[in-house]
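In case you want the letters, here they are:
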Amino acid sequence: MTSFRSLDDVDVKGRRVLVRVDLNVPVQNGEVADASRIERLIPTITEIADKGGKVILLSHYGRPKGPDPQQSRKPIVAAAAKVIGRPIGFAADCIGPVAEQAVAALRPGDILCLENTRFHKGETKNDPELARQLARLGDIYVADAFSVAHRAHASVEAIAHLLPAYAGRAVQEELAALRRALLDPERPVTAIVGGAKVSTKLDLLSNLIARVETLIIAGGMANTFLAAQGKAVGKALCEIDLIPTASDIMAKARSLKREIVLPVDAVVAAKFAAHVPSRVVDIDQVGADDMILDIGPRSIAQAISVLARSKTLVWNGPFGAFEFEPFDNGTVEVAEAAAELTADRRLVSIAGGGDTMAALNVAVVTGRFTYVSTAGGAFLEWLEGKTLPGIEVLQTQRAAAATAV
Ligand code: 3PG
Ligand code: MG
């Protein structure tokens, strides 16, 4: 049984449904560069509209200090309408007379998007007054923005105390995938944790080491672990002050009988750019002027053989400097192997956080993983074992509703 209510538990017909979505999508030259977050919203929006609800979308964009035309949601509405395949209206404020009039004009099945919630200072302060003004616009609240669930903001958290609150289909799907990844996984579980710095992933590593059988450490952060083993890492990124921490994590792994897998070879170059001359070296042969830009073929084979004996994979962060060819090779090869094991039903593969989705898009495997989250910080915080305010409030609300019955 789930611990929150969903669209299965409510009749939306004729009602005003405030749906918190995440339209914080990357935009380049005025165009949406990646519509994944919008695509994931199709089920919730079309279901509510088809059941005769009035859909009112709430979203933030960027981190504005106040109203800022550069960060308006208006241009995104046109893009979202195209992706969702339905007309979407727009109101130039998310509260007050402008929003109220636009909402009053809605007919069942209509979709309206309100202006950037962060144009009001109260949003990021979880201000109850802003939440009250937002809540006046709706009869029901639906949370469908997992990627902002780690923020205790007025349109995410405070508002959900004021209206009957439900999880949308994207949030349901996300939580089901996360449950399969760590709460109730098929074992053995392997985690791949990459990225530049150990310092940004300390909580993640500490939580995962107790929950997975094997932890593959990837990306720049592997260098700090290699240095902790006394290996020379040349000019590669390495956080010297975190070497003791890396040693502690390896000691914890030994005492819990968990396996930590580090690179055994590397692709090195003199500088960090596309197509610079590079060579493969054993990990203990990294020269003083070498930068480590990717894992080598033996490390790729090692990672793939770990995956072949795993039943579940949780992946956050790339192996190498995937933005620059050919240093995307390690990430692409391992991702390809994970996608094949997934297709053969031998592996449940779940990935997300930060630039992981961009890396897996480069590898063209996103559609072939069991689930790829579009969330950055929220995915990480969930893997770190933290409570997400935007999810917790749905659980509290359900519990309160159950007691009231
Ligand atoms: C994101 O893209 O990470 C979410 O939309 C949350 O945005 P924020 O990091 O600015 O709170
Ligand atoms: Mg973020």
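Bear in mind that the values here come from a model prediction, so they are computed numbers and not experimental data.

1. As for the site of ligand 1
Taken together, the residues surrounding ligand 1 are D22, N24, R37, H60, R63, R118, S147 and R151. Between ligand 1 and the protein, one listed contact pairs an oxygen atom with a side-chain N or O atom of R63 at 2.7 Å. Relative to its free-state accessible area of 310 Å², ligand 1 is covered by the protein chains to the extent of 85%. Looking at the shell around ligand 1 residue by residue, the classes come out as no nonpolar, three polar and five charged.

2. Overview of the packing of helix α8 (residues 221–228) against helix α9 (residues 243–255)
At their nearest, the axes of α8 and α9 sit 8 Å apart, and the two run at 80 degrees to each other. As the angle between them shows, α8 and α9 are arranged roughly perpendicular. Residues T224, F225, A227 and A228 of α8 form the contact with α9, whose own contacting residues are I243, A246, S247, I249 and M250. In terms of residue class, the contact of α8 with α9 is built from seven nonpolar, two polar and no charged.

3. Some remarks on the environment of I295
Relative to the helices and strands, I295 resides in strand β14 (residues 291–295). For I295 and F146, which are 149 residues apart along the polypeptide, the C-alpha to C-alpha distance reads 32 Å. When residues no more than four places from it in sequence are discounted, the contact partners of I295 are P263, D265, A266, V267, I300, F319 and G330.

4. Overview of empty space enclosed by the protein
Counted under the stated rule, the structure contains three cavities of 30 Å³ or more. What lines the largest cavity is a set of 14 residues, among which R40, D144, F146, A170 and T374 lie closest to the centre. Among the elements that line the lining of the largest cavity, the one with the most residues is helix α6 (residues 169–183), at four residues. Of the residues in the lining of the largest cavity, the class split is six nonpolar, two polar and six charged. Computed from the structure, the second largest cavity encloses a volume of approximately 60 Å³. Every element with two or more residues in the lining of the second largest cavity is listed here: β7 (140–143) and α14 (389–404).

5. Quick look at the sheet that holds strand β8 (residues 165–167)
Strand order in the open sheet formed by six strands is β5-β6-β4-β1-β7-β8, and the pairing between neighbours is parallel. One side of each edge strand has no neighbouring strand; the edge strands of this open sheet are β5 (89–91) and β8. Between one strand axis and the next, the sheet turns through 25 degrees on average, direction left out of account. Pairing geometry for strand β4 (residues 54–58) and strand β6 (residues 111–114), over three bridges, is parallel. Bridging from a neighbouring strand, L57 pairs with C113 of β6. Set on the sheet, helix α2 (residues 42–50) makes contact with β1 (16–20), β4, β6 and β7; between it and β4 the angle comes to about 150 degrees.

6. Some remarks on the sheet that holds strand β10 (residues 214–217)
With parallel pairing, six strands are arranged side by side in an open sheet as β11-β10-β9-β15-β16-β17. Single-partner strands in this sheet number two, and they are β11 (259–261) and β17 (371–372). Pairing geometry for strand β15 (residues 312–316) and strand β16 (residues 348–351), over four bridges, is parallel. Across the sheet, the residue bridging to L313 is S349, located in β16. Sheet strands touched by helix α10 (residues 297–308): β9 (189–193), β10, β11 and β15. Its angle to β10, the strand with the most contacts, is close to 155 degrees.

7. Considering the environment of K252
Mapped onto the fold, K252 is located in helix α9. With 150 residues separating them along the chain, K252 and A402 place their C-alpha atoms 42 Å apart. Non-local contacts of K252, meaning those with residues more than four positions away in its chain, are made with S206 and I209. At a separation of 3.4 Å, a polar atom in the side chain of K252 contacts the main-chain carbonyl oxygen of S206.

8. Topic: the pairing of β6
Of the two faces of β6, the one holding I111 and C113 and the one holding L112 and L114 are both buried throughout. As judged from the three bridges shared by β5 and β6, these two strands associate in the parallel manner. Looking at β6, one finds that F90 is bridged to C113. On the question of chirality, the crossover connecting β5 to the parallel β6 by way of helix α4 (residues 96–104) is right-handed.

9. Thoughts on the packing of α10 against helix α11 (residues 329–343)
Interaxial distance between α10 and α11 falls to 10 Å at its minimum, and their mutual angle equals 20 degrees. By the angle between their axes, α10 is roughly parallel relative to α11. Where α10 crosses over α11, the two elements pack in a sense that is right-handed. Residues I300, A303, I304, L307 and A308 of α10 lie in contact with α11, whose contacting residues are N329, G330, E333, V334, A337, A338 and L341. The residue makeup of the contact of α10 with α11, split by class, is nine nonpolar, two polar and one charged.

10. Focus: the layout of surface pockets
In this approach the atoms are scanned with a rolling probe the size of a water molecule, which exposes any empty space left behind. In this structure, the largest pocket occupies an estimated 570 Å³ of space. Contributing to the lining of the largest pocket are 36 residues, with G195, A196, G219, G220 and G320 lying nearest its centre. Of all the secondary-structure elements, those providing two or more residues to the lining of the largest pocket are α8, β12 (265–269), β14 and α13 (377–383). No other element matches the five residues that β14 contributes to the lining of the largest pocket. Looking at the lining of the largest pocket, its residues break down into 19 nonpolar, twelve polar and five charged. Taken together, 20 residues make up the lining of the second largest pocket; nearest its centre are L175, R179, L183, W382 and Q395. The set of elements that each furnish at least two residues to the lining of the second largest pocket consists of α6 and α14. Element by element, the count of residues in the lining of the second largest pocket is highest for α6, at six residues.

Thresholds applied
- Position labels on residues start from 1 in each chain and follow its written sequence.
- Chains carry letters and ligands carry numbers; both start at the beginning, A for chains and 1 for ligands, and go up in the order they are written.
- Confidence filtering applies because this is a predicted model: local features only for residues at pLDDT of at least 70, side-chain atom pairs given and counted only at 80 or more, and all residues used for totals across whole chains, interfaces and linings.
- To obtain the side-chain values, all non-hydrogen atoms of the structure were used and water was disregarded.
- One heavy atom suffices: a residue is near a molecule or strand as soon as one of its heavy atoms comes within 4 Å of it.
- Any pair of N or O atoms that falls within 3.5 Å is considered a polar contact. Within protein, one atom must be able to donate a hydrogen and the other to accept it, and sequence-neighbouring residues count only if both atoms are side-chain atoms.
- Surface exposure here means Shrake-Rupley accessible area, sampled with a 1.4 Å probe, where a residue is shielded only by the protein chains that are shown.
- The residue classification treats Ala, Val, Leu, Ile, Met, Phe, Trp, Tyr, Cys and Pro as nonpolar and Asp, Glu, Lys and Arg as charged. All others, Gly included, are polar.
- All axes here are fitted lines through C-alpha atoms, helices being fitted over the stretch that makes contact, and every angle between N-to-C directions spans 0 to 180 degrees.
- Going along the chain from the N terminus, every DSSP run of H or I of four or more residues is numbered as a helix, and every run of E of two or more is numbered as a strand.
- For classification purposes, an angle smaller than 35 degrees is called roughly parallel, one larger than 145 roughly antiparallel, one from 65 to 115 roughly perpendicular, and anything else oblique.
- The criterion used for residue contact is that any of the two residues' heavy atoms lie within 4.5 Å.
- Using only the protein atoms, space was sampled on a 1 Å grid; points where a 1.4 Å probe fits but cannot get out form cavities, open sets with protein on both sides within 12 Å along at least five of seven lines form pockets, and lining residues are those with an atom within 4 Å of a point.
- Grid points are joined across faces, edges and corners, and a volume is the space filled by probe spheres set on the points.
- Any two strands between which DSSP finds at least two bridges are classified as paired.
- Exposure classes here rest on a 1.4 Å probe applied to the protein chains alone. A residue is buried below 20% of its type maximum, exposed above 50%, and partly exposed in between.
- Handedness rule for crossovers: strands pointing away from the viewer, path from the first strand over the helix to the second running clockwise, crossover right-handed.
- The crossing is said to be left-handed when, going from far helix to near helix, the turn is anticlockwise and less than a right angle, and right-handed when the turn is clockwise.

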